[in-house]
Amino acid sequence: MKKQFDIIAGPCSAESPEQVMECAVSLAAQGIGTLRAGVWKPRTRPNSFEGAGLPALEWLKAAKQATGMKLAVEVASAAHVQAALEADIDILWIGSRTTPSPFAVQEIADSLKGTGVPVMIKNPINPDVDLWTGAIERLQQAGIENIRAIHRGFSSTQENLLRYAPQWEIPIELRRRMPSLPILCDPSHMAGRREYVGAIAQMALDMNADGLFIEVHPNPEQAKSDSLQQFTPSQFQQVISSLRRHRDIEESDSRKLAPMRSELDELDSQLVEILARRMEIVKRIGAYKHLNNLAILQPQRYQSVSDSVAIEAATKGMDEKFIRSVFETIHAESVRCQLENENNNLK
Ligand code: PEP
Ligand code: MN
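Analysis parameters
- Residues numbered from 1 in each chain as written.
- Chains lettered and ligands numbered in written order.
- Predicted model: local features only at pLDDT ≥ 70, side-chain atom pairs only at ≥ 80, totals over all residues.
- Heavy atoms only, no water.
- Pairing = 2+ DSSP bridges.
- Helix = DSSP H or I, 4+ residues; strand = E, 2+ residues; numbered from the N terminus.
- Axes fitted to C-alpha atoms, helices over the stretch in contact; angles between N-to-C directions.
- Parallel < 35°, antiparallel > 145°, perpendicular 65-115°, else oblique.
- Left-handed = near helix turned anticlockwise from the far one by under 90°.
- Contact = heavy atoms within 4.5 Å.
- Nonpolar A, V, L, I, M, F, W, Y, C, P; charged D, E, K, R; others polar.
- Core = buried A, V, L, I, M, F, W, Y, C linked by side-chain atoms within 4.5 Å.
- Buried < 20%, exposed > 50% of the residue type's maximum accessible area, 1.4 Å probe, protein only.
- Donors = N, O, S within 2.8 Å, 3.2 Å for Na, K, Ca; no water.
- 1 Å grid on protein atoms, 1.4 Å probe; cavity = no way out; pocket = protein on both sides within 12 Å on 5 of 7 lines; lining within 4 Å.
- Points joined across faces, edges and corners; volume = space filled by probe spheres on them.

A short note on the sheet that holds strand β8 (residues 211-215)
What links the strands of a sheet is backbone hydrogen bonding, and the strands pair in either a parallel or an antiparallel sense. Spatially, the 8 strands close up into a barrel ordered β1-β2-β3-β4-β5-β6-β7-β8, and their pairing is parallel. The mean inter-strand angle of the sheet, taken between neighbouring strand axes irrespective of direction, is 25°. Where strand β1 (residues 6-10) lies against β8, 5 bridges are found, and the strand directions are parallel. Opposite D6, over in β8, you have G211 as the bridge partner.

Some thoughts on the packing of helix α4 (residues 102-112) against helix α5 (residues 129-141)
Two elements in contact, α4 and α5, have axes separated by 8 Å at closest approach and are oriented at 20°. If you check the angle between α4 and α5, you find them roughly parallel. Relative to α5, the crossing made by α4 is right-handed. Where α4 abuts α5, its residues P102, V105, Q106, A109 and L112 lie against A135, R138 and L139. Among the residues forming the contact of α4 with α5, the class breakdown is 6 nonpolar, 1 polar and 1 charged.

With respect to the side chain of S225
By the element assignment, S225 lies in the loop between β8 and α9 (233-242). The residues contacting S225, other than those within four sequence positions of it, are C12, S13, E15, K41, R43 and Q230.

Digging into the nonpolar core
Among the nonpolar cores identified, the biggest contains 70 residues, and L139, L212 and F236 are the most heavily contacted of them. Excluding residues within four positions of it along the chain, L212 makes contact with F5, D6, I7, I8, L184, C185, P187, A201, A204, I240 and L243. Core analysis: the next-biggest nonpolar cluster, separate from the first, contains 8 residues, I8, M120, L184 and F213 among them.

Quick word on the coordination of the manganese ion (ligand 2)
The manganese ion (ligand 2) binds to the protein through C12 (SG), H189 (NE2), E215 (OE) and D226 (OD), with metal-donor distances spanning 2.1 to 2.4 Å. Spacing between the donor residues of the manganese ion (ligand 2) along their common chain follows C-x176-H-x25-E-x10-D. One end of the pair, C12, is in the loop between β1 and α1 (17-29); the other, D226, is in the loop between β8 and α9, and 214 residues separate them in sequence. Grouping residues by exposure puts C12 and D226 together as buried.

Side note on the layout of surface pockets
The calculated volume of the largest pocket comes to roughly 350 Å³. Lining the largest pocket are 16 residues, and of these R278, V282, I285, R301 and H331 lie nearest its centre. Secondary-structure elements contributing two or more residues to the lining of the largest pocket are α10 (251-291), α11 (299-315) and α12 (320-346). A class-by-class count of the residues in the lining of the largest pocket yields 9 nonpolar, 4 polar and 3 charged.

Right, dumping it as structure tokens:
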């Protein structure tokens, strides 16, 4: 049976009673069970729209009464939690600018003790899987059992087509650490532009996400926040209906994959063996540098290793950037080993 796949949708911000109601009614008609909406908006810079605040909770309540949808809002403090719970909000989420603050997350966790309210935790805006894990652990330790993570992408210093880089390796690592934790994907914030939201949503499905968290606004052009990335309800419907869903892996698939996987296992073990042999030589080179008063880091040598493996990888049809990043890691470990030996020599 296909595992559960949840789609939560709604406007970036609750802006008016009419906007909230229109959005909820159109999403409920598409079978969406949970409405998301920002009531308090954590803006990177001041003087932007910071959310409608308490009155918006009333608009959301009215939408719930009219449609039967569950409600999800972002909270960043104990006061937000209290107000949201008084307004019968069903699910709370911690935003990407709050997750990286252990004080704020702890305050929220403490205020949720004993409530059993489901909580979703967005990744920290900076690519730090420990901060994400730590925030989840704080909620777990407060006794919250219904926790989901939301992968919304990471800020980066590099120019990117997308507003926030997906860095899929980070949710992959979170999944390795917490295998039973559902991870939803928020393609809207990652994309930053609605043209790219569908492609990222498909990638999320391909990466086995447990659901989607998407911004939908009845009139995105007029939206008070994130207007470029929000879908109209009909764009949303089109994208969702064209997503390619996958079936779950079955016994027969595992049987067919087994021989290829064992070939991989054999190669991986050879890779480890070769890396260990390489590291032995690295240590001998380190000893020579030490005896002959040479610096450990020899940038020209690193450059020439990186260039020659990149050329060789290209002739084998591999991505040059990939092989350079593999050798960046290998080189960093070689330098670390030589430094460690140097320090031992100093003792
Ligand atoms: C949002 O979901 O509207 C939001 C503010 O998200 P993030 O914390 O990911 O920027
Ligand atoms: Mn938003």
